[in-house]
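Structural overview
As a plain string of letters, each chain reads:
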Amino acid sequence: HHPPQNSIHCKIYNIVFPWLIRLAAFRVMWGAGMSKLGTNASDCWSYKGNFSCTTTHYETMPLPNPFAFFFHKLPFRLHQVEVLLNHFVELVCPYGLIFFLPAATIACTTTTFVAQKIRTFAALASILYMMAIIST
């Protein structure tokens, strides 16, 4: 037996639950970004390290896929842009979740979507590569 749609419990749930999801997403994303800039973080994530973290990322994965070589050979400026976009997604975009800024929400959603598709492509390539190794 479900409570009626206009009950106070349903209204509270419809207000509180989305905010809890937003706060959890904010905490995870912002925490991931701050861990890259904290005192124990690698210098490659900062200006001091020339934003160079992704220059070695692709070929040092536990099982690099065939595309890792090509990602690794991308121009250095593109790797720097990749690090800066990562900072944007993890440090700026979470505020769009909290404050509902329309322009920021669109920009962050687009950037996050593109970043996720690139990561998904790299992950699927790794999985397919592992399956090819297992099948042979």
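Residues numbered from 1 in each chain as written. Predicted model: local features only at pLDDT ≥ 70, side-chain atom pairs only at ≥ 80, totals over all residues. Heavy atoms only, no water.

Take the packing of helix H4 (residues 76-99) against helix H5 (residues 102-135) next. Interaxial distance between H4 and H5 falls to 10 Å at its minimum, and their mutual angle equals 140 degrees. Comparing their axes, H5 and H4 come out oblique. Of the two possible hands of crossing, H4 and H5 adopt the one that is left-handed. Where H4 abuts H5, its residues Leu85, Asn86, Phe88, Val89, Cys93 and Gly96 lie against Thr105, Ala107, Cys108, Thr111, Thr112 and Arg119. (Axes fitted to C-alpha atoms, helices over the stretch in contact; angles between N-to-C directions. Helix = DSSP H or I, 4+ residues; strand = E, 2+ residues; numbered from the N terminus. Parallel < 35°, antiparallel > 145°, perpendicular 65-115°, else oblique. Left-handed = near helix turned anticlockwise from the far one by under 90°. Contact = heavy atoms within 4.5 Å.)

In this section: the state of the cysteines. A complete count under the given rule lists one disulfide for this structure. The disulfide partner of Cys44 is Cys53, and the gap between their sulfur atoms is 1.7 Å. Looking along the S-S bond of the Cys44-Cys53 disulfide, the torsion reads about 50 degrees, which is the right-handed sense. The exposure classification of Cys44 matches that of Cys53, with both residues buried. (Disulfide = S-S within 2.5 Å. Buried < 20%, exposed > 50% of the residue type's maximum accessible area, 1.4 Å probe, protein only.)

This paragraph deals with unusual backbone geometry. Backbone geometry at Asn50 places phi at a positive 70 degrees, although glycine is not the residue there. Secondary-structure assignment places Asn50 in the loop between helix H1 (8-37) and helix H2 (54-57). You can call Asn50 partly exposed: its relative accessible area is 41%.

With that settled, the discussion passes to the layout of surface pockets. When its volume is computed, the largest pocket comes out at roughly 620 Å³. Lining the largest pocket are 23 residues, and of these Thr54, Tyr58, Glu82, Ile118 and Arg119 sit closest to its centre. Only H2, H4 and H5 provide two or more residues apiece to the lining of the largest pocket. Along the lines of polarity and charge, the residues of the lining of the largest pocket split into 15 nonpolar, five polar and three charged. (1 Å grid on protein atoms, 1.4 Å probe; cavity = no way out; pocket = protein on both sides within 12 Å on 5 of 7 lines; lining within 4 Å. Points joined across faces, edges and corners; volume = space filled by probe spheres on them. Nonpolar A, V, L, I, M, F, W, Y, C, P; charged D, E, K, R; others polar.)

Here the protein shows a mean pLDDT of 81. Residues at 70 or above account for 94%. Between the elements of the protein, mean pLDDT differs from a low of 77, seen in H5, to a high of 86, seen in H4. (pLDDT = per-residue confidence, 0-100.)

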